[in-house]
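Inside the fold
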Amino acid sequence: MKKACIEAIKARICYDSRGNESIEVDVKVNSFIGRACAPKGASTGKYEAVDFNPKGIEASLKLLSDYSSKLIGFDASDPYSLSQLLREIDGTENFSRIGGSMAYAISMATAEAFSKSKGIPLYKMLLPNGPYLMPYPLGNVLCGGKHAGPGAPDIQEFLICPLGVKNIREGLKINIAVHKEVRKQIEKKDPYFTGGKGDEGGWAPYVKDEEAFELVSSASQIVSDVFGVDIKLGVDFASSSLWNNNEKAYIYNRSKVKRSPGEQLDFIMELVNKYHLIYLEDPFHEEAYDEFAELTKKLSKVYIAGDDIFVTNTYRLLKGIKMKAGNAAILKVNQAGTLGDALNFAENARKHNYALITSHRSGDTSDAHLAHIAIATKSKMIKSGVVGGERLSKLNELLRIDEELSGCGMAKLEV
Ligand code: PEP
Ligand code: MG
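Everything quoted here is computed from the prediction, not taken from an experiment.

Procedures and definitions
Residues numbered from 1 in each chain as written. Chains lettered and ligands numbered in written order. Predicted model: local features only at pLDDT ≥ 70, side-chain atom pairs only at ≥ 80, totals over all residues. Heavy atoms only, no water. Helix = DSSP H or I, 4+ residues; strand = E, 2+ residues; numbered from the N terminus. Rg over C-alpha atoms; globule rule 2.2 N^0.38 Å. Buried < 20%, exposed > 50% of the residue type's maximum accessible area, 1.4 Å probe, protein only. Contact = heavy atoms within 4.5 Å. Areas by Shrake-Rupley, 256 points an atom, 1.4 Å probe, with all protein chains shown as cover. Lys, Arg positive; Asp, Glu negative; His and termini not counted. Charge placed at Lys NZ, Arg CZ, Asp CG, Glu CD. Donors = N, O, S within 2.8 Å, 3.2 Å for Na, K, Ca; no water. Phe/Tyr/Trp six-rings, centres within 6.5 Å; stacked < 30°, edge-to-face > 60°. Near = heavy atom within 4 Å. Polar contact = N/O pair within 3.5 Å; in protein donor to acceptor, adjacent residues only side chain to side chain. Nonpolar A, V, L, I, M, F, W, Y, C, P; charged D, E, K, R; others polar. Domains from an automatic or database assignment. Pairing = 2+ DSSP bridges. Axes fitted to C-alpha atoms, helices over the stretch in contact; angles between N-to-C directions. Core = buried A, V, L, I, M, F, W, Y, C linked by side-chain atoms within 4.5 Å.

Check the secondary structure of the protein and you find 14 helices and 14 strands. For the protein, the C-alpha radius of gyration of 21 Å lies close to 22 Å, the compact-globule estimate for 415 residues. Projecting the C-alpha coordinates of the protein onto the three principal axes gives extents of approximately 60 × 50 × 45 Å. Residues counted as buried form 61% of the 415 residues belonging to the protein. Taking as baseline every contact in the protein between residues at least 6 positions apart, the subset at least 24 positions apart corresponds to 70%. In the form shown here, the protein has an accessible surface area of approximately 16500 Å², with 50% of it arising from carbon and sulfur atoms. Of the charged side chains in the protein, 53 are positive and 53 negative; the average position of the first set lies 2 Å away from that of the second.

What follows is the structure, given as structure tokens:
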């Protein structure tokens, strides 16, 4: 049988959903082409892989010709050894030579090309024996922070999770209904609302955090009553964006509030009790392992997810596990740099009973790989917005996978 090797690699500059330049790569395996275009964050973690060589995207692109001969002929079947090779070629901790976007796109395009050459979908290639369960769609219905303009809330993401649904189709339907209802609720408060949205497709109204919670909570209740389905709220504080290290405080500029770490903890507890939140992402900044651990001790039935703190980096996750900091982890392949490193991170998270949430980036592309990654890593949730082409490309792919599996069950949540 012909060995599945990388036969050719071609890279180009394309654009992400914010209109920023990104790297797209085509990889050929047994005459099959796999293609991937890297997403890009705005509220990035200090320790994640950087997108490009410091000299810019062109520098990352040009460098490919220096090392592509090392990739041609390389075994395409194993994302882990490809990841190791890319790390050796790069020679830095954070892919600052070849660029994390290039590493992401090569590793993802190779996996896609290999799976196509075998005639099996990507999620099955990565998880041959299942079980295949659908992640709950964690939908962003209201945007703030770095993903929206200065009039929007300080908190970055107001999220909903359709807890009571039986399948993914119903889950997407509910999230879309809540998204629509949130707009109606905003217009009741502000008849001149322009319909503006943030980077991830959630609405971006001129309101403060508390009002945003009220809007999302009433919209969810209305939809919940109509469909007879339990809908819960979650939040991504993106606290590293709020943290001021000189003042040792979280600065909520738009609400004109400053919170010490202790006050931040009290604020979170208040919100959890008032709005029955089941999901808290980055409640503290990226170095605050102790505060994460303190909150985790207080809340056993809430997912406390690390994004900027773990940055899909196994070493940082293992430190969190040791300190019992959080009980869930965001998985963003481009934070790690390569698919192999992200899969390794996911295995460690699962081994230690940390729930996985596979996530898009605020600047994303129309690629659908995220759906496959979420299923293959047995993620409990997928965070991929609610509307917008680059968000729905992933969510619609879940519907196709569900159809192919003749309907598969939802992941088991522990909330
Ligand atoms: C996030 O913080 O979870 C997120 C998706 O935003 P970004 O891609 O800007 O990091
Ligand atoms: Mg986040």
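From this point, the narrative continues.
So, about the coordination of the magnesium ion (ligand 2). Coordination sphere of the magnesium ion (ligand 2), protein contribution only: Asp 236 (OD), Glu 281 (OE) and Asp 307 (OD), at 2.0 to 2.2 Å. The sequence pattern formed by the donor residues of the magnesium ion (ligand 2) is D-x44-E-x25-D. Here Asp 307 lies in the loop between strand S11 (303-306) and helix H10 (314-323) and Asp 236 lies in strand S6 (residues 232-236), a separation of 71 residues in the sequence. On the basis of relative accessible area, Asp 236 is assigned to the buried category, the value being 1%. A relative accessible area of 2% means that Asp 307 is categorised as buried.

Aromatic ring pairs are defined here through the distance separating the ring centres and the angle between the ring planes. Taken as a whole, this structure holds 10 aromatic pairs when the rule is applied. On the numbers, 5.1 Å between centres and 15 degrees between planes, the contact of Phe 213 with Tyr 275 is stacked. Taken together, the residues span a long stretch of sequence, with Phe 213 in helix H6 (residues 209-227) and Tyr 275 in helix H8 (residues 261-275) at a distance of 62 residues. Tyr 275 carries the same exposure label as Phe 213, and that label is buried.

The next point concerns the site of ligand 1. Taken together, 15 residues are adjacent to ligand 1, and Ala 42, His 147, Arg 361, Ser 362 and Lys 383 come closest. With respect to ligand 1, the side chain of His 147 contributes an N or O atom lying 2.8 Å from an oxygen atom. Residue Arg 361 places a side-chain N or O atom 2.8 Å away from an oxygen atom belonging to ligand 1. Contact with the protein chains hides 99% of the accessible area of ligand 1, taken as 290 Å² for the molecule alone. Of the residues belonging to the shell around ligand 1, the class tally is 1 nonpolar, 6 polar and 8 charged. Summarising the domain contributions, the shell around ligand 1 has at least three residues from each of domain 1 (6-119) and domain 2 (136-404).

Here 3 strands make up an open sheet; going across it, the order is S1-S2-S3 and the pairing antiparallel. Two strands in the sheet have a free side with no partner beyond their single neighbour: strand S1 (6-15) and strand S3 (32-37). When strand polarity is set aside, the average angle formed by the axes of neighbouring strands in this sheet is 20 degrees. Bridging between strand S2 (residues 21-29) and S3 involves 6 bridges; their strand directions are antiparallel. Within S3, the position partnered with Lys 28 by the bridge is Ile 33.

Another point: the environment of Asp 209. You can see Asp 209 is positioned in helix H6. It is 6.4 Å that separates the C-alpha atoms of Asp 209 and Ile 155, two residues lying 54 residues apart in sequence. Once residues within four sequence positions are removed from consideration, Asp 209 is found in contact with Pro 153, Asp 154, Ile 155, Phe 158, Tyr 252 and Ser 255. A polar contact is formed between the side chain of Asp 209 and the backbone nitrogen of Ile 155, at a distance of 2.9 Å.

Right, let's talk about the nonpolar core for a bit. Tyr 279, Leu 280 and Met 381 are the most contacted members of the largest nonpolar core, which has 136 residues in total. Sorting elements by how many residues they give to this core places helix H3 (residues 100-118) first, with 10 residues. The residue makeup of this core includes at least three contributed by each of domain 1 (6-119) and domain 2 (136-404). Setting aside residues up to four positions removed in sequence, Tyr 279 forms contacts with Leu 138, Leu 159, Leu 233, Gly 234, Val 235, Val 302, Tyr 303, Ala 305, Ile 330, Ile 357, Met 381 and Lys 383.

This part covers the sheet that holds S6. Strand pairs in the sheet, formed through backbone hydrogen bonds, run parallel or antiparallel to each other. Strand order around the closed barrel formed by 8 strands is S4-S5-S6-S10-S11-S12-S13-S14, with mixed pairing between neighbours. Shown here is a sheet whose adjacent strand axes are inclined to one another by a mean of 25 degrees, direction ignored. Where strand S4 (residues 136-143) and strand S5 (residues 157-161) come together, 4 bridges link them in antiparallel fashion. Bridged to Asn 140 within S5 is Leu 159. Contacting S4, S5 and S6, H6 runs over the sheet at an angle of about 20 degrees to S5.

Following the sequence through the fold, Pro 54 ends up in the loop between S3 and helix H1 (57-71). On the accessibility criterion, Pro 54 (72% relative accessible area) is exposed. Counting along the chain gives 307 residues from Pro 54 to Arg 361, while the straight-line C-alpha distance between them is 21 Å.

Taken by themselves, the reported measurements are silent on function.
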